[in-house]
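For reference, the chains in residue letters:
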Amino acid sequence: MSCLRLSKSVYESMRAHGEETYPHECCGALLGTSTPDGWQVEQAVRAGNTRTDSAHNRYNIAPVELVKIEREARRQGLGIAGFYHSHPDHPAQWSPTDFAEAHWIGCSYVITAVAHGKATVTNSFLLAGASEEDKHFEQETIRVEDEPIETILG
Ligand SMILES: [Zn+2]
């Protein structure tokens, strides 16, 4: 089973984003580095939801915004680790639309359920497979790591 590792601040910022956009979905990208057992996420990048027609159950990052995010990731020596979005008043499980619109094989798709404006469960699904025809979601473990704390020695 693969594992998505992120810092507490990245985890919290992603969940807070879902609370801020409630009752609409939020979306964003995750930047990080690849490890043999999954992504180590360094940064969550907020994106505007371009699906104004049905923003409560659809999300989309504009291609031009994605290009900018990719460029910024490369500049920092990072890759696109995955994408996150929220499910207002729906479980943190991928929908048929989420699956149809997921094309980044090897990336993690993180979903946070937001119930009555409060972030509840967050799940991550790795888009596995060899090709678009063969792709499938595999649930993965999320490991939230504490930030290194600077200690002052007196
Ligand atoms: Zn969804």
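Everything here concerns the structure above.
Let me begin by describing the structure that accompanies this report.

Rules used throughout
Residues numbered from 1 in each chain as written. Predicted model: local features only at pLDDT ≥ 70, side-chain atom pairs only at ≥ 80, totals over all residues. Heavy atoms only, no water. Salt bridge = Lys/Arg side-chain N within 4 Å of Asp/Glu carboxyl O. Helix = DSSP H or I, 4+ residues; strand = E, 2+ residues; numbered from the N terminus. Core = buried A, V, L, I, M, F, W, Y, C linked by side-chain atoms within 4.5 Å. Buried < 20%, exposed > 50% of the residue type's maximum accessible area, 1.4 Å probe, protein only. Contact = heavy atoms within 4.5 Å. Polar contact = N/O pair within 3.5 Å; in protein donor to acceptor, adjacent residues only side chain to side chain. Donors = N, O, S within 2.8 Å, 3.2 Å for Na, K, Ca; no water. Tetrahedral: all angles 85-135°; square planar, octahedral: opposite > 155°, others 65-115°.

Turning our attention to the pattern of salt bridges. If you walk through the whole model with that rule in mind, you get five salt bridges. The residue Arg75 makes a salt bridge to Glu72 at a minimum N-O spacing of 2.8 Å. One end of the pair is Arg75 and the other is Glu72, both in helix α2 (residues 63-75) and three residues apart, which spans about a single turn.

Now for the nonpolar core. Counting residues in each nonpolar core, the largest one holds 21 residues, and the members touching the most others are Leu31, Ile61, Ile69, Ile80, Phe83, Tyr109 and Phe137. Of all the secondary structure elements, the ones that give two or more residues to this core are β2 (27-35), β3 (38-47), α2, β4 (79-88), β5 (108-115) and β6 (118-128). Filtering out sequence-adjacent residues up to four positions away, Leu31 remains in contact with Gln40, Val41, Glu42, Gln43, Val45, Ile69, Ala73, Gln76, Leu78, Gly79, Ile80 and Ala81. Counting residues in each nonpolar core, the second largest holds 13 residues, with Leu4, Cys26, Ala44 and Tyr84 among its members.

All right, on to the side chain of Ser108 then. Along the chain, Ser108 falls in strand β5. Separated by 2.6 Å, the side chains of Ser108 and Glu140 make a polar contact. Dropping the residues within four chain positions of it, Ser108 is found in contact with Leu4, Trp39, Ala81, Gly82, Phe83, Ser124, Phe125, Leu126 and Glu140.

Each protein donor to the zinc ion is listed here as His85 (NE2), His87 (NE2), Asp98 (OD) and Asp98 (OD); together their distances run 2.0 to 2.5 Å. Of note is the zinc ion, whose four donor atoms meet at the metal with angles of 56 to 155 degrees in an arrangement that counts as irregular. Ordering the donors of the zinc ion by residue number gives the pattern H-x1-H-x10-D. A residue pair is termed long-range when its members are at least 10 positions apart, and His85 in strand β4 and Asp98 in helix α3 (residues 96-100) qualify at 13 residues.

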